[in-house]
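Report on the structure
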Amino acid sequence: MTLRDLGKIALGVAVTPFTAIVNFVEEQRRQREEERRRRESPCVFTDGISKERFLELAQEAANETVRVQSFDVNKMAVTIHVKSQSGLTTWDADIDYSDFGHLTGRYWLKTENDDSLIPEHYAKVLKKKIEQDLLGQANCQ
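We now turn to the structure provided with this report. Each chain carries its own residue numbering, running from 1 in the written order of its sequence. A pLDDT threshold of at least 70 governs which residues receive local features in this predicted model, and a stricter bar of 80 or more applies before side-chain atom pairs are shown or counted, although totals over entire chains, interfaces and linings include all residues. To get the side-chain values, take all heavy atoms of the structure and skip hydrogens and water.

With phi around 60 degrees, K75 is a residue other than glycine that occupies positive phi space. Numbered from the N terminus, helices here are DSSP runs of H or I no shorter than four residues, and strands are runs of E no shorter than two. Checked against the element boundaries, K75 lands in the loop between β1 (68-74) and β2 (77-83). At F100, a residue that is not glycine, the phi angle is positive and equals roughly 55 degrees. Along the chain, F100 falls in the loop between β3 (90-99) and β4 (102-111). In this structure F100 comes out as partly exposed when scored by relative accessible area, which is 27%. Each residue is assigned to one of three classes by its accessible area relative to the maximum for its type, calculated with a 1.4 Å probe on protein chains only: buried under 20%, partly exposed between the two thresholds, exposed over 50%.

Structure representation (structure tokens):
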């Protein structure tokens, strides 16, 4: 092995972590941009579920999920208000079902209480209801 080979190896060892960092930062930027595009896509209720039906499905999911005290719907996003275990306070979780402006069942979840399974449960219940409605619409055509 020559001195030149050792130099190439040393350069590769130094460049590899830098390249990994650059790739990581670029991927994070790309994901933020994609998330921004998704959130800014106009919501259209033309895929088989109306706004009114989405509200009904959100209510059904709330009725089937313990400790969900109430909920709000804004376009394709649902905020659930969950009663704490003590019953003295509430906390919120936001579930966004806008898949680039379309209602597909796919969702993005943000919660004030990462330890609770309730937001994920609610999100999955509503996802299943959306998918069943969409499947029912497809079977009727």
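We define a salt bridge as a side-chain nitrogen of Lys or Arg found within 4 Å of a carboxyl oxygen belonging to Asp or Glu. This model, assessed by the stated rule, comprises 15 salt bridges. Two residues, E40 and R36, come together in a salt bridge whose shortest N-O distance is 2.5 Å. With E40 and R36 both in helix α1 (residues 3-40) and four residues apart, this pair spans about one turn of that helix. With relative accessibility at 32%, the residue R36 sits in the partly exposed group. Here K129 ties to E60 by a salt bridge, and the two come within 3.3 Å at their closest N and O atoms. With K129 in helix α3 (residues 118-140) and E60 in helix α2 (residues 51-63), this residue pair connects regions lying 69 residues apart in the sequence. On the accessibility criterion, E60 (29% relative accessible area) is partly exposed. One salt-bridge network, in which partners are shared between bridges, spans R53, E56, E60, E64, K129 and D133.

Here the focus is the nonpolar core. In this structure, F54, V78, I80, Y97, Y122, L126 and I130 are the most contacted members of the largest nonpolar core, which totals 26 residues. Listing elements by their share of this core, those giving two or more residues are α2, β1, β2, β3, β4 and α3. Nonpolar cores are built from buried Ala, Val, Leu, Ile, Met, Phe, Trp, Tyr and Cys residues. Side-chain atoms within 4.5 Å join them into one set.

Note on ring pairs: Phe, Tyr and Trp rings are taken, using the six-membered ring of Trp, and paired if centres are within 6.5 Å. Classes follow the plane angle, with under 30 degrees stacked, over 60 edge-to-face and the rest tilted. Applying the stated criterion across every chain, the model contains three aromatic pairs. A ring pair is formed by F45 and F54, whose centres lie 6.4 Å apart and whose planes are at 45 degrees; its orientation type is tilted. Both residues of the pair, F45 and F54, count as buried. The rings of F45, F54, Y97 and Y107 are connected pair by pair, giving a single aromatic cluster. A ring is scored as having a charge over it whenever the NZ atom of a lysine or the CZ atom of an arginine sits within 6 Å of its centre and within 35 degrees of its normal. Between R38 and the ring centre of W108, over which it is positioned, the NZ or CZ distance is 3.8 Å.

Here we come to the sheet that holds β4. Strands sit in the order β1-β2-β3-β4 across an open sheet of four strands; the sheet is antiparallel. Two strands close off the open sheet at either side, each with one partner strand: β1 and β4. On average, adjacent strands in this sheet sit at an angle of 25 degrees to one another, irrespective of strand direction. Pairing between strands is defined by DSSP: at least two bridges between the two strands are required. In this sheet, β4 lies alongside β3 in antiparallel orientation, the contact comprising six bridges. Counterpart to D99 in the pairing with β4 is H102. Axis lines are fitted to C-alpha atoms, over the contacting stretch for helices. Their N-to-C directions set the angle, which ranges from 0 to 180 degrees.

All right, on to α2 then. Along its 13 residues, α2 runs 19 Å from first to last C-alpha, staying within 8% of the 18 Å computed at 1.5 Å per residue. Every buried residue belonging to α2 is among F54, L57, A58, A61 and A62, and all of these are buried. Each buried residue of α2 sits inside an arc of 140 degrees when the element is viewed along its axis, so together they form one side. Structural note: α2 exposes E52 and N63 on the side pointing more than 90 degrees away from its buried face. A helix is expected to span 1.5 Å multiplied by its residue count minus one. Taking the helix axis as origin, the arc is that swept by the directions to the C-beta atoms.

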